[in-house]
Amino acid sequence: MTAQEEEEDSKAKKAKSKDKKVPEADKRKKPKKEEEQKWKWWEEERYPEGIKWKFLEHKGPVFAPPYEPLPENVKFYYDGKVMKLSTKAEEVATFFAKMLDHEYTTKEIFRKNFFKDWRKEMTSEEKSTITNLSKCDFTHMSQYFKAQSEARKQMSKEEKQKIKEENERLLKEYGYCVMDNHKERIANFKIEPPGLFRGRGNHPKMGMLKRRIMPEDIIINCSKDSKIPPPPPGHKWKEVRHDNKVTWLVSWTENIQGSIKYIMLNPSSRIKGEKDWQKYETARRLKKCVDKIRNQYREDWKSKEMKVRQRAVALYFIDKLALRAGNEKEEGETADTVGCCSLRVEHIKLHPELDGQEYVVEFDFLGKDSIRYYNKVPVEKRVFKNLQLFMENKQPEDDLFDRLNTSILNKHLQDLMEGLTAKVFRTYNASITLQQQLKELTNPDDNIPAKILSYNRANRAVAILCNHQRAPPKTFEKSMMNLQSKIDAKKEQLADARRELKSAKADAKVRRDEKSKKTVESKKKAVQRIEEQLMKLEVQATDREENKQIALGTSKLNYLDPRISVAWCKKWGIPIEKIYNKTQREKFAWAIDMAEEDYEF
DNA sequence: TACATAACTTAGTACCGGTGAA
DNA sequence: TTCACCGGTACTAAGTTATGTA
């Protein structure tokens, strides 16, 4: 930890922390119920760099349920004829059958990959018979699964309750671990079941068989002196290790990309929370030197060295547009997506003049998860001229920044500020934008729903900056119409209420008695109530419309310093529950506890 | 410096179950 | 009581970064 972070930490902890010691390995007492709920890890001393825990005990993973062969009457047809498949081939066939309604199964690559992997699971006889996927008829299987899921929906309350209880039992037994002296929730204790790989976007591996993970694939990580989880009967773990320099409990290697998957702790855990807090502290340190860094890269636009110029322009994009770093990717292994450093010439267009603005850069590329980034941005003349230079004599498919990669960029950033990497800019710009927008948009005279709309709008500004998109919900138009008709009905109701109020007033003028006066009062209240309800609905409609294609969740969860939101809630008397749901409150417990209304990012 | 790998964060979507209106 | 809707959550893919190795 740096001196600055240290300072921030002690500030945050205030006088609360009383010389608490790092828990010792040999103390293995079970945490008390109350203690585990109230434990404020943020008031404790941090572990030395690199050490993640001293004691770790868990029950190991939960494996996917074994395959249950189809009933005899569910048939698979090949070339119009019934064919009984071997168990292994049948299992893989069911994966395809379950996806039959999905457009994936119509895609050439998906079908090709699936068929290739499916054939590997077939017996030699099956292999020689089944040679053409188009001759395979999975519809009966598909219907069977639909019926099954329908039946599940139709289950009685008792049956549903039973399943729920079973899930709870599983969670209770496998969903927690003991890390040091505390019981902590595990994020993903279930092993991913086998199935067909569904990549996002135009993924070259879509449709490949994701194989079943066995205990023999599993590496267990826990304390030497903990109760080591036993493998399922008749099986062995691949390895049991005791590495307290890492945070994971279980890992295995997945067969599609050959990458390692992990079981780790929940965001509410100390180990994740601490890291999250640290991330925002790094972003706050950037705030202190961002002006200097900006001046520096503007200077570098003029550098004699091509590499330096490219670095400076890339950094400008990362800072101004919140682009991701953009690592190189192995061709043919993943969908063709890019970030800043991996931008190609074909991803930008230069307009010396566009719609009355000078030096406009038009971006159009697929970013993470194959989400399209499309933006027209006026840039400074120097940037524009540099881009022209970088593009000279290049083909569309050539790298825009051919002298640059993320490693070079991050090394440079490290020299500018300790702990600075490309992604810190996203965190910094997201958080600072939220803070500014909240200041700008919050109207002190607004009621709570209107203030929350302002919050959401501030949140939305960040989501737009970070290009967090979502597919418009399937039912969007309909639900919008429903809401509109609710608003219309409410308006009518209001008109009625107003009319009634008017006549009550007239009545009271004539009668001049207590009773009619009271009637006027109650009618007035009714009008007010309906006005409020209408306003709430209208706010809701605005909010929803503006949110059609924008996802707020990602920025809220990963980019916005939660202390900004907590402080805003405190300042304006907004209950924190209106901003954060239960899970989010658990994740941000540290921020909710420590941020006061005057917190500044 | 190139490259591979491990570890960890960030991401969108499918699905489930509770809730409130009809 | 039924059903649509919506928020919350589970799931797991897809990024970034650090680090070791040649």
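Residues numbered from 1 in each chain as written. Chains lettered and ligands numbered in written order. Predicted model: local features only at pLDDT ≥ 70, side-chain atom pairs only at ≥ 80, totals over all residues. Heavy atoms only, no water.

Chain A appears in an unreviewed UniProt entry as DNA topoisomerase I from Falco tinnunculus. The Subcellular location (unreviewed entry) comment attached to chain A in UniProt states, word for word, "Nucleus". What UniProt records for chain A under Sequence similarities (unreviewed entry) is the sentence "Belongs to the type IB topoisomerase family." (UniProt positions renumbered as here; feature names shortened; annotations may be inferred.)

Turning to the protein's contact with DNA strand B, a few remarks are in order. In the vicinity of DNA strand B there are 25 residues, among which Lys272, Lys279, Lys368, Arg426 and Tyr559 approach most closely. Expressed as a percentage, the sugar and phosphate content of the atoms of DNA strand B within 4 Å of the protein is 84%. Between Lys279 and DNA strand B, the recorded distance is 2.8 Å, taken from a side-chain N or O atom to a phosphate oxygen. Contact between DNA strand B and His468: a phosphate oxygen at 3.1 Å from a side-chain N or O atom of the residue. Secondary structure elements with two or more residues in the surface near DNA strand B: strand E12 (260-263), helix H8 (270-300), helix H12 (422-441) and helix H16 (553-558). Broken down by element, the residue count for the surface near DNA strand B peaks at three residues, all from H8. For the surface near DNA strand B, the class distribution of residues is eight nonpolar, five polar and twelve charged. (Near = heavy atom within 4 Å. Polar contact = N/O pair within 3.5 Å; in protein donor to acceptor, adjacent residues only side chain to side chain. Helix = DSSP H or I, 4+ residues; strand = E, 2+ residues; numbered from the N terminus. Nonpolar A, V, L, I, M, F, W, Y, C, P; charged D, E, K, R; others polar.)

What follows is about the pattern of salt bridges. Taken as a whole, this structure holds 40 salt bridges when the rule is applied. Where Arg169 meets Glu173, a salt bridge forms, and the shortest distance between an N and an O atom there is 3.3 Å. Of the two residues, Arg169 and Glu173 are both situated in helix H7 (residues 157-174); the distance of four residues between them amounts to about one turn of the helix. Within this structure, Lys59, Glu166, Arg169 and Glu173 form a network of salt bridges that share partners. (Salt bridge = Lys/Arg side-chain N within 4 Å of Asp/Glu carboxyl O.)

Turning our eyes to something else, we now look at the packing of helix H13 (residues 448-465) against helix H15 (residues 514-546). Direction vectors running N to C along H13 and H15 enclose 5°, while the axes themselves pass 10 Å from each other. With respect to H15, the element H13 is oriented roughly parallel. Of H15, the residues touching H13 (which contributes Pro449, Ala450, Leu453, Asn456, Arg457 and Arg460) are Met535, Lys536, Val539, Thr542, Asp543 and Glu546. Per-class residue counts for the contact of H13 with H15 are five nonpolar, two polar and five charged. (Axes fitted to C-alpha atoms, helices over the stretch in contact; angles between N-to-C directions. Parallel < 35°, antiparallel > 145°, perpendicular 65-115°, else oblique. Contact = heavy atoms within 4.5 Å.)

Okay, the sheet that holds strand E3 (residues 81-83) next. Strand pairs in the sheet, formed through backbone hydrogen bonds, run parallel or antiparallel to each other. Spatially, the three strands line up as an open sheet ordered E3-E2-E4, and their pairing is antiparallel. Edge positions in the sheet fall to E3 and strand E4 (136-137), since each has one partner strand and no second. Summarising the sheet, strand E2 (residues 76-78) and E4 pair through two bridges and their orientation is antiparallel. Bridge pairing in E4 links Tyr78 to Cys136. (Pairing = 2+ DSSP bridges.)

The next point concerns the packing of H12 against helix H17 (residues 562-572). At a closest axis distance of 9 Å, the pairing of H12 and H17 adopts a crossing angle of 15°. In terms of orientation, H12 and H17 fall into the roughly parallel class. Of the two elements, H12 crosses H17, and the hand of that crossing is right-handed. Touching Ser431, Leu434, Gln435 and Leu438 of H12 are Ile564, Ser565 and Trp568, all from H17. For the contact of H12 with H17, the per-class residue count stands at four nonpolar, three polar and no charged. (Left-handed = near helix turned anticlockwise from the far one by under 90°.)

What follows is about the nonpolar core. Grouped together as the largest cluster of nonpolar side chains are 78 residues, with contacts concentrated most on Leu286, Phe317, Leu323, Phe363, Leu387, Phe401 and Trp590. The contacts of Leu286, once residues within four sequence positions are left out, are Ile293, Met417, Leu420, Val424, Phe425 and Tyr428. Core analysis: the second largest hydrophobic core is formed by 28 residues, Phe114, Met141, Phe145 and Leu196 among them. (Core = buried A, V, L, I, M, F, W, Y, C linked by side-chain atoms within 4.5 Å. Buried < 20%, exposed > 50% of the residue type's maximum accessible area, 1.4 Å probe, protein only.)

Another aspect to go through is the UniProt feature "coiled-coil region" (unreviewed entry) in chain A. Per the UniProt annotation, the sites labelled "coiled-coil region" (unreviewed entry) are residues 146-173. Summarising residues 146-173: 89% helix, 0% strand, and an end-to-end C-alpha distance of 32 Å.

Quick look at the side chain of Asn456 now. Mapping Asn456 onto the fold places it in helix H13. Residue classification places Asn456 among the buried positions, given a relative accessible area of 14%. With residues near it in sequence (within four places) discarded, Asn456 still touches Asp543 and Leu552.

Time to look at unusual backbone geometry. Its identity as a non-glycine residue notwithstanding, Tyr359 has a phi of 50°, on the positive side. Among the structural elements, Tyr359 can be located in strand E14 (residues 357-366). The class for Tyr359 is buried, based on a relative accessible area of 16%.

Right, let's get into the protein's contact with DNA strand C. Near DNA strand C there are 31 residues, and of these Arg200, Lys261, Gly326, Lys423 and Thr583 occur at the shortest range. Taking all atoms of DNA strand C within 4 Å of the protein, the share assigned to sugar and phosphate is 90%. Residue His203 places a side-chain N or O atom 3.3 Å away from a phosphate oxygen belonging to DNA strand C. In this structure, a phosphate oxygen belonging to DNA strand C sits 2.9 Å away from a side-chain N or O atom of Asn410. Listing elements by their share of the surface near DNA strand C, those giving two or more residues are H12 and helix H14 (476-511). If you tally residues by element for the surface near DNA strand C, the top one is H14, at three residues. The residue makeup of the surface near DNA strand C, split by class, is four nonpolar, 13 polar and 14 charged.

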